Protein chains: 2
Amino acid sequence: MTMDQLIDSLRDHPRNEAELVKLGHLARKVPTHDMAYLMKTLPTDQAAIVYRVLDKDTALAVFESLSPATQAELIAELRHGEIFEIFNELDPDDRASLFDELPAKVADRLMSGLDLEQRTMTTTVLGYPEDAIGRYMSPEVLWLHPEWTVRRAIDHVKAHIDEPETIYLLPVLDDSRILLGVTGLRRLLSSDDDMTVREIMREAESAHATDPREETARRFLGGKLLAMPIVDAEHRLLGVLTYDDAVEIINEEDAEDAARSGGAEPLEKSYLSSSIMRIVQSRVVWLVMLALSAALTVKVLDLFEDKLSTVVILALFIPLLTGTGGNTGNQAATTVTRALAVGEVRIRDLPKVIWRELRVGFVLGLILGSLAFVITGFIYGFTFGTVIGLTLLAVCVQAAVVGGMMPIIAKKVGADPAVFSNPFISTFCDATGLLIYFGIASVILGI
Amino acid sequence: MTMDQLIDSLRDHPRNEAELVKLGHLARKVPTHDMAYLMKTLPTDQAAIVYRVLDKDTALAVFESLSPATQAELIAELRHGEIFEIFNELDPDDRASLFDELPAKVADRLMSGLDLEQRTMTTTVLGYPEDAIGRYMSPEVLWLHPEWTVRRAIDHVKAHIDEPETIYLLPVLDDSRILLGVTGLRRLLSSDDDMTVREIMREAESAHATDPREETARRFLGGKLLAMPIVDAEHRLLGVLTYDDAVEIINEEDAEDAARSGGAEPLEKSYLSSSIMRIVQSRVVWLVMLALSAALTVKVLDLFEDKLSTVVILALFIPLLTGTGGNTGNQAATTVTRALAVGEVRIRDLPKVIWRELRVGFVLGLILGSLAFVITGFIYGFTFGTVIGLTLLAVCVQAAVVGGMMPIIAKKVGADPAVFSNPFISTFCDATGLLIYFGIASVILGI
């Protein structure tokens, strides 16, 4: 496999011209997506060597596919001329993301090297906060005038074809840059030459530059758009969002949700290129917080210590019961978090979700409870079987409801729904589950 | 809000012409993405009423945004003429997905109503398994001949502009349909009229129709492509994959991963439109399986019953210790599952992952263990503090390693990495954690 040969050649620390030429030949045979994987997993100094032997187009494509944090690390290994070339070639929105990750001095020097137009566009994009969609738009837009004929419009597109990020969506603007509608190259080419742009344009699905990025990107992808005009409060055109930006936003948001659902913060770089301490950092705060909340379970059990010493058998079922509660809660939380993220559930649906989870939890509890009643009953006697069966029923109901509610409540108070992650819900259900368990045991066993 | 008014009007069961016209007016004011949300959450009979009052283009756009299962339900409520109109308008790949969900009789009748060309294309797509990329391609492709001039190519595109799903990627084929390269409309329009297509075409990033869908879609989106040619084993063109198909595949795969990471199967329809029994069904198998594996913890504790009755205090820490093990395992599993899904980790990286998680788990265990040693020591004495501290250290190391390994091993044996979900890892870590706990307690406390 070429990729392995490439990795082997790198181990020999190629330095002289002949070795680098050989490396270049190998690198050209590696498909772009394997190359992107390599750049994310190799140590940065080796990544820089590979980067240098790539042809210019591949190099830029691979660079654009890296996260801004990885881009910044790679840049630290390159020479000033090489860095400037990259910086100059990037679209203004990608440049803005990288800008944030660079040391201020490097960033300023790179910015001052841009021509006025590119610098202005980059500054415009940098003016929006990181979670606003304006930060991801491309301000380089090819637009049409409503009174132009189709013929003139096509000529205009041809004359400026290399400038903008996309020519497949063409906004139509009046003299004060107000967005009137959009049309596409396909529509232009299939229309009569003498029609006006106004006659063939359609209504635009647009977003405000200050709109939240995740919601806008989901709307974009849900509508299967190729590009979307971004406007200001007066509906004046500011830029265009292209599909690759929407995909990247959703990718980042999904990575964040996935990490949080597992009780960790997302890593800024890829897993294999992050340092051990970075990974520890992404997990330790959550883990300590969860362990401290789990101290609650010690406290709860402490309350029932006398009951435990009377009926030691009660202790045997603790992990089973708390575990099942946690699992049921996780199932509900995961389903609802995902449904919220993709817009299938909204905050207004909270009562509906509670009512659904109440019924789902009840049915699940009935099934598990009956099963446990029979099995435990045969082994430990049916009085004890009743305790375990009833506890499972109650635990399933409360865990499903809590798991279903939490993400919506988080969203309502403005937090990330994924913050009420699986581990958090497990821990919560552990403590409440124990209270339910000993409550039921006290009544039935009369202890 | 117009959407609420619309929902209210639906509650009054509009039947006569005037009421439906009023409903139509309301519906036209609801943005398309809100309409899609409505169609996914309304009861099917109400969704069908709304569907009928939409104008044709919106109706088709909304229909296309529904999952095949929801589409099939909606279709059951519509009249034959309406159904046929939809079926005829869909792209062959979307038609194939819907086809699977329909009763065989309905599906056959609809297919026989198509013209020969559409029927042939749909049958071609249906020939590929559901997890192959060929199933999602559009066989309606506009292609160019390498010897044509740019002028002739542009005329050809203009003449056939309404037929294919995309005109932004134009494959170049020789006489036996072998894919030689691709070009785009942008390149065509910016090239000299007398150049040949061969001169301006570039190498194509393509996929085989039998390639796995998730991997291909990730490669597609990673490369920021607009469309990708799909070929057979002889490199003959079969169709084109467009970006919306790639987005949809990833969306489904991510939903599946999210559900499984929470220990449930993905729902076929949206959460709010799924029946209670469907939701129960998606969770109960996992839950019962997990509960049965958790029976292992009862067994383990049973082994140590005498130790538990000697030192009841040991029982108090069970949920804390098993919980922390589960959390650490989940963190590692979530990170690695995601990294595998997006291609940042591959199967070959297993030894690297184990070595990383060993160190991460050790550092996390040191931090948590020291903390627990101090706190527990002050309350329960430092001998007992040593038991808890050492157990946490050992539990963190083993949970991190197990959590990191499991998804890779799953992928290696051909299973979905997300199958070793959070609940599964929690349950596994519960049992092993207890063994570690009582092992350490026996040695240190001499019981």
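Not measured: the values here are computed from a predicted model. (Residues numbered from 1 in each chain as written. Chains lettered and ligands numbered in written order. Predicted model: local features only at pLDDT ≥ 70, side-chain atom pairs only at ≥ 80, totals over all residues. Heavy atoms only, no water.)

This brings us to the overall build of chain A. In terms of helices and strands, chain A carries 22 helices and five strands. A compact globule built from 447 residues should have a C-alpha radius of gyration of about 22 Å, whereas chain A, at 29 Å, is more than 25% larger. Structurally, chain A occupies a C-alpha span of about 90 × 65 × 40 Å along its principal axes. Evaluated residue by residue, chain A yields a buried proportion of 57% over its 447 residues. Contacts in chain A between residues far apart in sequence, at least 24 positions, make up 66% of those at least 6 positions apart. A total accessible area of about 18,300 Å² is found for chain A, and carbon and sulfur atoms account for 57% of it. Computed over 41 positive and 62 negative side-chain charges, the inter-centroid distance for chain A is 3 Å. (Helix = DSSP H or I, 4+ residues; strand = E, 2+ residues; numbered from the N terminus. Rg over C-alpha atoms; globule rule 2.2 N^0.38 Å. Buried < 20%, exposed > 50% of the residue type's maximum accessible area, 1.4 Å probe, protein only. Contact = heavy atoms within 4.5 Å. Areas by Shrake-Rupley, 256 points an atom, 1.4 Å probe, with all protein chains shown as cover. Lys, Arg positive; Asp, Glu negative; His and termini not counted. Charge placed at Lys NZ, Arg CZ, Asp CG, Glu CD.)

All names here are of chain B. Phi angles above zero are rare outside glycine, and lysine 224 is one such case at about 50°. Position of lysine 224 among the secondary structure elements: in the loop between α14 (213-222) and β4 (227-231). Its relative accessible area of 23% is what places lysine 224 among the partly exposed residues. One non-glycine residue with positive phi stands out, namely histidine 235, at about 70°. Looking at where histidine 235 falls in the secondary structure, it is placed in the loop between β4 and β5 (237-242).

Each disulfide consists of a covalent bond between the sulfur atoms of two cysteine residues. Residues and elements named next belong to chain A. Applying the stated rule across the entire model yields zero disulfides over all chains. Cysteine 429 forms no disulfide, and the closest cysteine sulfur to it belongs to cysteine 396, at a distance of 9.9 Å. A residue is classified by how much of its surface remains accessible, and cysteine 429, at 1% relative accessible area, is buried. (Disulfide = S-S within 2.5 Å.)

The subject of this paragraph is the packing of helix α16 (residues 276-303) of chain A against helix α22 (residues 422-445) of chain A. All names here are of chain A. Where α16 contacts α22, the axes come no closer than 9 Å and their chain directions differ by 5°. What the angle tells us is that α16 and α22 run roughly parallel. Side by side, α16 and α22 meet where Leu290, Ser293, Ala294, Leu296, Thr297, Val300 and Leu301 of the first sit next to Pro423, Phe424, Thr427, Asp430, Ala431, Leu434, Leu435 and Phe438 of the second. When the residues that make up the contact of α16 with α22 are grouped by side-chain class, the tally is 11 nonpolar, three polar and one charged. (Axes fitted to C-alpha atoms, helices over the stretch in contact; angles between N-to-C directions. Parallel < 35°, antiparallel > 145°, perpendicular 65-115°, else oblique. Nonpolar A, V, L, I, M, F, W, Y, C, P; charged D, E, K, R; others polar.)

So, about the interface of chain B and chain A. Counting from both sides, the interface comprises 111 residues of chain B and, opposite them, 112 residues of chain A. Taken over both partners, the interface formed by chain B and chain A buries close to 9,900 Å², and the fraction arising from carbon and sulfur atoms is 64%. For the interface between chain B and chain A, the tally reads six salt bridges. At the surface where chain B touches chain A, the tally comes to 26 residue pairs in polar contact (both at pLDDT 80 or more). Among the elements that line the side of chain B that touches chain A, the one with the most residues is helix α16 (residues 276-303) of chain B, at 17 residues. Among the residues making up the side of chain B that touches chain A, the classes are represented as 60 nonpolar, 24 polar and 27 charged. (Buried area = accessible area lost by both parts, 1.4 Å probe. Salt bridge = Lys/Arg side-chain N within 4 Å of Asp/Glu carboxyl O. Polar contact = N/O pair within 3.5 Å; in protein donor to acceptor, adjacent residues only side chain to side chain.)

An α-helix turns once per 3.6 residues; consequently, residues spaced three or four apart project the same way. For helix α6 (residues 68-77) of chain A, every residue scored as buried is listed here: A:Ala69, A:Thr70, A:Gln71, A:Ala72, A:Leu74 and A:Ile75. Those residues of α6(A) that are buried lie in contact with α3 (32-41), α4 (44-53), α5 (56-65), α7 (80-89) and α8 (92-101) of chain A.

Below, the discussion takes up the pairing of strand β2 (residues 179-183) of chain B. Residues and elements named next belong to chain B. With respect to burial, β2 is a largely interior element, four of its five residues being buried. Bridge count for strand β1 (residues 170-173) against β2 is four bridges, and the pairing is antiparallel. Each bridged residue has a counterpart across the sheet, and for leucine 173 the counterpart in β2 is leucine 179. Between the end of β1 and the start of β2, which pair antiparallel, lie five residues, with arginine 177 showing a positive phi angle near 65°. (Pairing = 2+ DSSP bridges.)

On to the relation of the copies chain B and chain A, then. Laying chain B over chain A is done by rotating through 180° and shifting 0.0 Å along the axis; what remains is an RMSD of 0.1 Å. Expressed as an axis order, the relation between the two copies is that of a two-fold axis. (Least-squares fit on C-alpha atoms with pLDDT ≥ 70 in both.)

The next point concerns α14(B). Residue and element names in this part refer to chain B. Most of α14 is tucked away: seven of the 10 residues are buried. Every buried residue of α14 is accounted for by Arg213, Thr216, Ala217, Arg218, Arg219, Phe220 and Leu221. Once α14 ends, the next one or two residues include lysine 224, with phi positive near 50°.

This brings us to the UniProt feature "domain: CBS" (unreviewed entry) in chain A. UniProt tags residues 200-256 of chain A as "domain: CBS" (unreviewed entry). Secondary structure across residues 200-256 of chain A divides into 44% helix and 23% strand, with the first and last C-alpha atoms of the span separated by 42 Å. (UniProt positions renumbered as here; feature names shortened; annotations may be inferred.)

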